[in-house]
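Fold and contact review
Each chain is listed here by its residues.
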Amino acid sequence: FKVILKSNNLFPNVYYTLGNTYKAKGEIKLAIENYKTAISLKSDHADAHWNLSLTLLLAGDYENGWKEYKWRWKLVDAAKAQAKPLSLLWNGEGLNQLEKLLIVSEQGIGDTFQFIRYAIYLKNKGIQISICAQPNLHGIIKTSGIDLNPLSPKEANQEKKIPWTPLLNLPQYLKVNKFNPLINQSYLSTNINLIQKWGVILSREKKPIIGIHWQGNPNIEKTRLKGRSLNIKYFQQISNSNKIKLLSLQKDFGSDQLKKCNFQNKFVNCQEKINETWDFLETAAIIMNCQLIITSDSCIAHLSGALGMKTWLLLSNRPDWRWGIRGEQSFWYPSMRIFRQKEEGSWKEVMNEVKNELKKLNYQ
């Protein structure tokens with residue numbers, strides 16, 4: 001019977017689909033079992049390996065999850081690293097003998113914000129680190145003292161001598177898990193002059209300022225992370241208070257919602273100026289001048305957390321692996337609190353909980 005199953009490509013996909021179904025229902029153990037069965041029938045089933053990885057990580061099994069995470073490169077729609085240097089690909093061995101390392105970012109901006117911490121960890125061990133990251137992150141990487149001369153993808157592609165690694169290989173090599181985050185206190189920073197500049201501008205509001213963000217990249221949500229974003233209308237539940245001012249950190253995707261919402265008068269007077277500010281150093285400085293950040297699962301959540309700012313994360317009932325299945329805290333960011341949906345799409349319930357917590361802070 002097993003021979004028949006292995007000879008029929010249909011059956012691995014059946015178990016893979018079952019795995020997806022169970023994962024969507026929150027039946028994590030059954031999802032893992034079905035992904036493993038699919039792999040036992042077709043050992044190179046990249047999608048099954050990848051989804052097994054994400055599910056293991058979601059369940060907190062980081063040791064086995066990281067091992068499967070390498071299958072991200074085998075996917076049909078695999079995200080590409082910013083560059084592929086000509087030098088030797090470092091496989092994590094000989095860490096104590098490593099003198100230089102080129103780290104190449106991959107996936108989204110939020111991933112870079114979250115995992116750039118391990119460049120700092122390696123640098124603190126005396127390793128000479130060079131970073132190739134998204135160009136619009138070079139400013140904050142330099143200001144944070146991680147790399148004073150980040151490389152462009154073109155420059156990194158020409159590197160022939162320094163060993164390199166994709167950024168998200170580092171958690172596996174460094175044996176990162178929830179009991180061993182290595183670095184989780186604030187590790188990103190911005191320019192003090194920018195902090196002072198926005199401090200002066202925002203001090204005119206005379207009220208506590210809450211920065212909000214509601215929409216991540218919708219292209220990612222077509223295949224993964226469906227339902228992670230919400231509509232700005234849900235923030236109306238907290239906008240009625242005269243004790244606070246809202247500040248939109250939304251750029252590009254979803255920013256049109258701000259123009260259409262019926263509580264625009266609740267936002268800071270300099271909102272238009274903020275809308276025109278795209279540099280992450282400026283955004284970080286603005287965040288540093290807020291009393292609280294309330295955000296969906298997006299790069300702003302990671303930036304705010306990495307800055308050590310008080311951050312409330314609004315999470316769907318089908319969370320990304322990095323936030324785990326349950327709990328209000330995140331070992332990635334001690335300054336973060338998580339507000340989770342209990343049912344799919346129930347953002348109103350989440351915002352009611354947020355409103356109640358704001359009352360405890362005398363913001364409502």
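Residues numbered from 1 in each chain as written. Predicted model: local features only at pLDDT ≥ 70, side-chain atom pairs only at ≥ 80, totals over all residues. Heavy atoms only, no water.

Points about unusual backbone geometry
Selection rule: The numbering of helices and of strands both runs from the N terminus, where a helix is a DSSP run of H or I of at least 4 residues and a strand a run of E of at least 2. Relative accessible area decides the class of each residue, using a 1.4 Å probe on protein chains only: under 20% of the type maximum gives buried, over 50% gives exposed, and in between gives partly exposed.
With a phi angle near 60°, K175 is a residue other than glycine that sits in the positive phi range. Tracing the backbone through its elements, the reader meets K175 in the loop between α10 (170-173) and α11 (192-203). Even without being a glycine, D252 presents a positive backbone phi close to 60°. Given a relative accessible area of 46%, D252 falls into the partly exposed group.

Section: the confidence of the model for the chain
It should be kept in mind that the predicted coordinates are not to be read in detail where pLDDT is low. Quick note on the threshold: Confidence scores here are pLDDT values: one per residue, from the predictor, ranging 0 to 100. Residue contacts are defined here by distance: any two heavy atoms, one from each residue, within 4.5 Å place the two residues in contact.
Per-residue confidence for the chain gives a mean pLDDT of 94; residues scoring 70 or more make up 98%. Contacts from residues 1-7, a stretch scored under 50 in pLDDT, to residues over four places away or in other chains number four contacts.

Regarding the sheet that holds strand β7 (residues 311-315)
Just so we agree on the cut-off: Strand pairing is assigned whenever DSSP detects at least two bridges linking the two strands. Structural elements are reduced to axes, namely lines fitted to C-alpha atoms, with helices fitted over the stretch in contact, and the angle between N-to-C directions of any two is expressed from 0 to 180 degrees.
Spatially, β5-β4-β6-β7-β9-β8 is the arrangement adopted by the six strands of the open sheet, whose pairing is mixed. For this open sheet the edge positions go to β5 (245-248) and β8 (329-330), each flanked by a neighbour on one side alone. Helix-sheet contacts for helix α17 (residues 347-360) involve β4 (209-213), β6 (292-296), β7 and β9 (333-340), and the interaxial angle to β7 is about 160°.

Some details on the packing of aromatic side chains
Keep this limit in mind: Stacked, tilted and edge-to-face are the three classes applied to pairs of Phe, Tyr and Trp rings, where Trp contributes its six-membered ring and a pair requires centres within 6.5 Å; stacked means planes under 30 degrees apart, edge-to-face means over 60, and tilted covers the rest.
For the coordinates displayed, the defined rule picks out 20 aromatic pairs. The interplanar angle of 50° and the centroid separation of 5.0 Å between the aromatic rings of W312 and F339 together place this pair among those described as tilted. Of this pair, W312 sits in strand β7 while F339 sits in strand β9, and the two are 27 residues apart along the sequence. Through a chain of ring-to-ring contacts, the aromatic side chains of W50, Y62, W66, Y69, F115, Y118, W321, F331 and W332 assemble into a single cluster.

Some words on the layout of surface pockets
Quick reminder of the rule: Buriedness for pockets is judged along seven lines, at least five of which must meet protein on both sides within 12 Å for an open set on the 1 Å grid over protein atoms alone, while cavities are sets there where a 1.4 Å probe fits but cannot get out, and lining residues have an atom within 4 Å of a point. Grid points are joined across faces, edges and corners, and a volume is the space filled by probe spheres set on the points. Under the scheme applied, nonpolar residues are Ala, Val, Leu, Ile, Met, Phe, Trp, Tyr, Cys and Pro; charged residues are Asp, Glu, Lys and Arg; polar residues are all the others, including Gly.
The calculated volume of the second largest pocket comes to roughly 340 Å³. W73, A81, K84, W164 and P166 are, among the 13 residues lining the second largest pocket, the residues nearest its centre. For the lining of the second largest pocket, the secondary-structure elements that each account for two or more residues are β3 (164-166) and α10. Class assignment for the residues of the lining of the second largest pocket results in seven nonpolar, two polar and four charged.

Observations regarding helix α7 (residues 117-124)
Regarding α7, the residues found buried are R117, Y118, A119, I120 and L122. Packed against the buried residues of α7 are β1 (100-104), α6 (109-115), β2 (128-132), α10 and β9. After α7 finishes, the residue G126 shows a positive phi value of roughly 95°.

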